[in-house]
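Structure at a glance
Here is what each chain is made of, one letter per residue.
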Amino acid sequence: MHILVLGAGIVGITTAWHLRQAGHTVSVIDRQAAPALETSFANGGQISVSHAGPWATPQAPLIGLRGWMDSRAPVRFSPTVNHRQWRWMAAFLYECLPGRVRRNTDALARLAASSQAELRQLQRTLQLPYDQSDSGILHVFSDRRELERARARAAWLAPHGIRLDYCDTARCLEIEPALAGGRALVGGLHAPNDEVGDAHLFTQALAQACADAGVTFHFETTVEALDVHENTVRGVAVRDARGVRGLLRGEQVVCTLGTHTRQLVEQHGPRPALYPIKGYSLTFAAGPGAPHVSLTDEEHRIVLSRLGDRVRVAGMAELGGHTVTVEPERVELLKKLTRALCPDAGDIDGAEAWAGLRPCTPGNVPLIGRSRISGLWYNTGHGSLGWTLSCGSARLLTELMAGREPAFDFPVLTGRRH
């Protein structure tokens, strides 16, 4: 059948690839001029199976209160009069309950492990270039209480085959000597099976493979509305770069539009629980003291990845707006945190700054499956784990659209609520 995939980010392109491999006719629609120019453009680069856990935890409300309107806080909450923000926040607080945290962690861990296997299989098949490294991820801590909480979370992930090895300070410095010039550490957790890579390069390369396989692309084409008749989607109304409007038909539609999903579908009834969380990144030339192992500083909410001859640092979490404006004060904070972690990483002053909007659900579990509208499917809401979960999510959705049961336990959407 002919399937329209809305959005050409990493989730949309992996979805298009799997659907095409399953034999479907696939068309991808995106308002940008090329793939992966929004949320997938400059993320942290980590394929962090070891970090497949929700932001909604019992500690999260206190972290949010500390960052109330504070531009110096890595996590910042700026309240608005938008009722959607407050509804999302209420749902987020519910997901902070211990039982919900365990459920969400298990779901994310299963999907992350599946996704890593899918990515490796795809890479064996296509040999895509994306500055990939399998040197693992080292989670470092300066606060012993935070380290012990992380070790407890690691115990939850172990049954899913996700390995995290405890490291004392000496072992952290042995794994990554570049940490020696930074702030004092009390220990860390090493995930030797995790990977890094440039999501933008990967998405572009896979989009070319999709085109070679027969996928049609409609770039510089904005999806303005769904064409729905008697609660069944028949296509989408679009506007091209010249302002010409038209209708693209499809037997099924997959929405991978991230934070724009809700605006598109809510006029027809569904109100998916999605809200944008703003994040920043810096990209700069690697110096002689740049780390080779990807680093996660969980206390300060930043990650650092070596991507070839570049270093990518990403972090911050801002709830309260829909803009991607790069605020100088936030950039300076990210530079300060980078220097404190790894001062000789490279040309930090000359870094290129970027900001993007992560599409988040309250429990951080993505929306995958059927919408309440017949023929409309979701694959969205991956938050900060889009790179980590993309290949597994695409495979899962493809199986669901074929009428098959998931290969692992996951709360897929059945069309009853969203």
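For the structure itself, look to the data block above.
Residues numbered from 1 in each chain as written. Predicted model: local features only at pLDDT ≥ 70, side-chain atom pairs only at ≥ 80, totals over all residues. Heavy atoms only, no water.

1. What to know about the sheet that holds strand 13 (residues 252-255)
Here 7 strands make up an open sheet; going across it, the order is 9-2-1-13-20-19-21 and the pairing mixed. Strands at the two margins of the open sheet, each flanked by one partner only, are strand 9 (216-218) and strand 21 (413-414). Judged from the 3 bridges that link them, strand 2 (residues 25-29) and strand 9 form a sheet pairing that is parallel. Opposite Ile29, over in strand 9, you have His218 as the bridge partner. (Pairing = 2+ DSSP bridges. Helix = DSSP H or I, 4+ residues; strand = E, 2+ residues; numbered from the N terminus.)

2. A look at the pattern of salt bridges
All told, the structure shown has 30 salt bridges when counted by the stated rule. Taken together, the shared-partner salt bridges in this structure form one network comprising Arg76, Lys278, Glu318, Glu327 and Arg330. (Salt bridge = Lys/Arg side-chain N within 4 Å of Asp/Glu carboxyl O.)

3. Some words on the sheet that holds strand 11 (residues 232-240)
Taken in spatial order, the 3 strands make up an open sheet running 10-11-12, and their pairing is antiparallel. Only two strands of the sheet have a single partner each, and these edge strands are strand 10 (221-229) and strand 12 (245-249). Each strand axis lies, on average, 30 degrees off the axis of its neighbour in the sheet, ignoring direction. With 8 bridges connecting them, strand 10 and strand 11 associate as antiparallel partners. (Axes fitted to C-alpha atoms, helices over the stretch in contact; angles between N-to-C directions.)

4. A look at helix 3 (residues 83-95)
A rise of 1.5 Å per residue sets the reference length of helix 3, with its 13 residues, at 18 Å; its end C-alpha atoms lie 19 Å apart and thus fit the reference within 8%. In this fold, the buried residues of helix 3 make contact with helix 2 (60-66), strand 4 (75-77), helix 4 (98-126), strand 14 (275-285), strand 17 (310-319) and strand 18 (352-360). (Expected span 1.5 Å × (residues − 1). Contact = heavy atoms within 4.5 Å.)

5. Considerations on the nonpolar core
One broad trend across soluble globular proteins is that nonpolar side chains are buried collectively. Formed by 54 residues in total, the largest nonpolar core has its most connected members in Val28, Phe202, Leu206, Val254 and Trp387. Ranked by size, the runner-up nonpolar core spans 29 residues in total, among them Cys167, Leu179, Leu304 and Val311. (Core = buried A, V, L, I, M, F, W, Y, C linked by side-chain atoms within 4.5 Å. Buried < 20%, exposed > 50% of the residue type's maximum accessible area, 1.4 Å probe, protein only.)

6. Some thoughts on the pairing of strand 15 (residues 294-297)
Two faces belong to every sheet, and in a regular strand the side chains alternate between them. Every second residue of strand 15 is oriented toward a common face, with Ser294 and Thr296 on one face and Leu295 and Asp297 on the other, all of them buried. Pairing between strand 5 (residues 137-141) and strand 15: 4 bridges, direction parallel. When the sheet's bridge partners are listed, His139 is paired in strand 15 with Thr296. Note: strand 15 against strand 16 (residues 302-307), 3 bridges, orientation antiparallel. Counted as the bridge partner of Thr296 is Val303 from strand 16. Counted between consecutive antiparallel strands, the loop separating strand 15 from strand 16 contains 4 residues, among which Arg301 sits at a positive phi close to 60 degrees.

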